[in-house]
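Fold and geometry: a report
Here's the letter readout for the chains.
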Amino acid sequence: MIGIIDYGLGNLRSVLGAVEKLGHHAVISADSSQLSNCEKLILPGVGAFGDGMGNLAARGLIDPLNKLVRLDRRPILGICLGFQLLAETSEEFGPHEGLGWIPGHVKRIRPGDDALRIPHVGWNDFEKTGDCILFDEIPDAALFYFVHSYHLETDPGITVGTCTYGRPLCAAVQSGNVFGTQFHPEKSQQHGLKVLQNFLERA
């Protein structure tokens, strides 16, 4: 069973549909006891960082998730906002503290000289920068779908993929049992489904 963490933000049904399309059983839940019985966890999310952390706290999920992820080493995949919540802090309407499962800080995308539109919305090339099971059998320069105004600045040693939007931005990480993608695999057609399949079956 795959646990999709419900903290009131995110496209939970889309993630559920993608997981089920791949032939796996999943449950959307905010019940820590139910989540503790799941083999793997997915933390999706759409919205603001502070709201995400506030909702996790209000539902009493932070301590149980810390146990599952840090002590029990349960594999978890953070997606979009869920990816950013893995970090130590965010400056989005902040500062705010994150879950702190990976080193790094979430900062606003700066348009720079290119005057790029913020938020970054749409399909973008992805470049693998490290070995990670998520991207096995994913071709170089595969396209994934992004929607974000903030990005994670983290240790290059755990960055396993980048996209370029004015400059290279962290698009995927792995630190032990903690995985994250800034893009939406559930919206990224065949390559996105392959990323999810790799997490579900091989992580």
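Refer to the structure printed above.
What counts, and at which threshold
- Residues numbered from 1 in each chain as written.
- Predicted model: local features only at pLDDT ≥ 70, side-chain atom pairs only at ≥ 80, totals over all residues.
- Heavy atoms only, no water.
- Pairing = 2+ DSSP bridges.
- Helix = DSSP H or I, 4+ residues; strand = E, 2+ residues; numbered from the N terminus.
- Core = buried A, V, L, I, M, F, W, Y, C linked by side-chain atoms within 4.5 Å.
- Buried < 20%, exposed > 50% of the residue type's maximum accessible area, 1.4 Å probe, protein only.
- Contact = heavy atoms within 4.5 Å.
- Expected span 1.5 Å × (residues − 1).
- Arc of directions from axis to C-beta.
- Salt bridge = Lys/Arg side-chain N within 4 Å of Asp/Glu carboxyl O.

**Observations concerning the sheet that holds strand E12 (residues 159-165)**
Taken in spatial order, the eight strands make up an open sheet running E2-E1-E3-E4-E14-E13-E12-E9, and their pairing is mixed. Two strands bound the open sheet, and with one partner strand each, they are strand E2 (26-29) and strand E9 (127-128). Relative to strand E3 (residues 40-43), strand E1 (residues 2-5) is paired through three bridges, and the arrangement is parallel. Residue Ile-4 lies in a different strand from E3, and its bridge partner there is Ile-42.

**Considering the sheet that holds strand E6 (residues 96-97)**
Within the open sheet, the four strands sit side by side as E6-E5-E7-E11. Their pairing is mixed. The open sheet has two edge strands, E6 and strand E11 (150-153), and neither has a second partner. Note: strand E5 (residues 89-90) against strand E7 (residues 105-108), two bridges, orientation parallel. Across the sheet, the residue bridging to Ser-90 is Val-106, located in E7.

**Observations concerning the nonpolar core**
Counting residues in hydrophobic clusters, the biggest one holds 35 residues, and the most contacted among them are Leu-134, Phe-135 and Phe-144. Breaking this core down by element, the ones donating at least two residues are E1, helix H1 (12-21), strand E4 (76-79), strand E10 (143-148), E12, strand E13 (167-175) and helix H6 (189-202). Not counting the four nearest positions on each side in its chain, Phe-144 is found in contact with Gly-122, Trp-123, Asn-124, Phe-126, Ile-138, Phe-183, Ser-188, His-191, Gly-192 and Val-195.

**Considerations on H6**
Over its 14 residues, H6 extends 19 Å from the first C-alpha to the last, a length consistent with the 20 Å expected when each residue adds 1.5 Å. Among the residues making up H6, those that are buried are Gly-192, Leu-193, Lys-194, Val-195, Leu-196, Asn-198, Phe-199 and Leu-200. Residues of H6 that are buried in the fold lie against E1, H1, E3, E4, E10 and strand E14 (178-181).

**Things to note about H1**
Buried within H1 are the following residues: Leu-12, Val-15, Leu-16, Ala-18 and Val-19. For H1, the angular spread of buried residues about the axis comes to 165 degrees, placing them on one side. In H1, the exposed positions angled more than 90 degrees off the buried face are occupied by Arg-13 and Lys-21. Its buried side turned inward, H1 meets E1, E2, E3 and H6.

**A word on the pairing of E4**
Because side chains alternate across E4, one face comprises the buried residues Ile-76 and Gly-78, and the other comprises Leu-77 and Ile-79, equally buried. Here three bridges tie E3 to E4, and the two strands are oriented parallel to one another. By the bridge assignment for E4, Ile-42 is matched with Leu-77. Summarising the sheet, E4 and E14 pair through four bridges and their orientation is parallel. Bridge pairing links Gly-78 to Gly-180 in E14.

**A look at the pattern of salt bridges**
Using the criterion set out here, one finds nine salt bridges in the structure. A salt bridge links Glu-153 to Lys-107; the shortest N-O distance between them is 3.5 Å. With Glu-153 in strand E11 and Lys-107 in strand E7, the pair connects residues that are 46 residues apart, well separated along the chain. Since its relative accessible area comes to 33%, Glu-153 is described here as partly exposed. One salt bridge in this structure joins Arg-167 and Glu-153, with 3.8 Å as the shortest N-O distance. Here Glu-153 lies in strand E11 and Arg-167 lies in strand E13, a separation of 14 residues in the sequence. The exposure class assigned to Arg-167 is partly exposed, which follows from its relative accessible area of 37%. Here the residues in one salt-bridge network are Asp-136, Glu-137, Lys-194 and Arg-202, joined through shared partners.

**Notes on unusual backbone geometry**
With an omega of 20 degrees, the peptide bond running from Gly-94 to Pro-95 counts as cis. Secondary-structure assignment places Pro-95 in the loop between E5 and E6. Going from Ile-118 to Pro-119, the amide bond is cis rather than trans, its omega being 10 degrees. Positive phi outside glycine occurs at Cys-80, with the angle close to 55 degrees. Within the secondary structure layout, Cys-80 lies in the loop between E4 and helix H5 (81-85). The class of Cys-80 is buried, set by a relative accessible area of 7%. With phi around 65 degrees, Glu-137 is a residue other than glycine that occupies positive phi space. Among the secondary structure elements, Glu-137 is positioned in the loop between E9 and E10. For Glu-137, a relative accessible area of 62% puts it in the exposed group.

Just distances and angles here, no functional claims.
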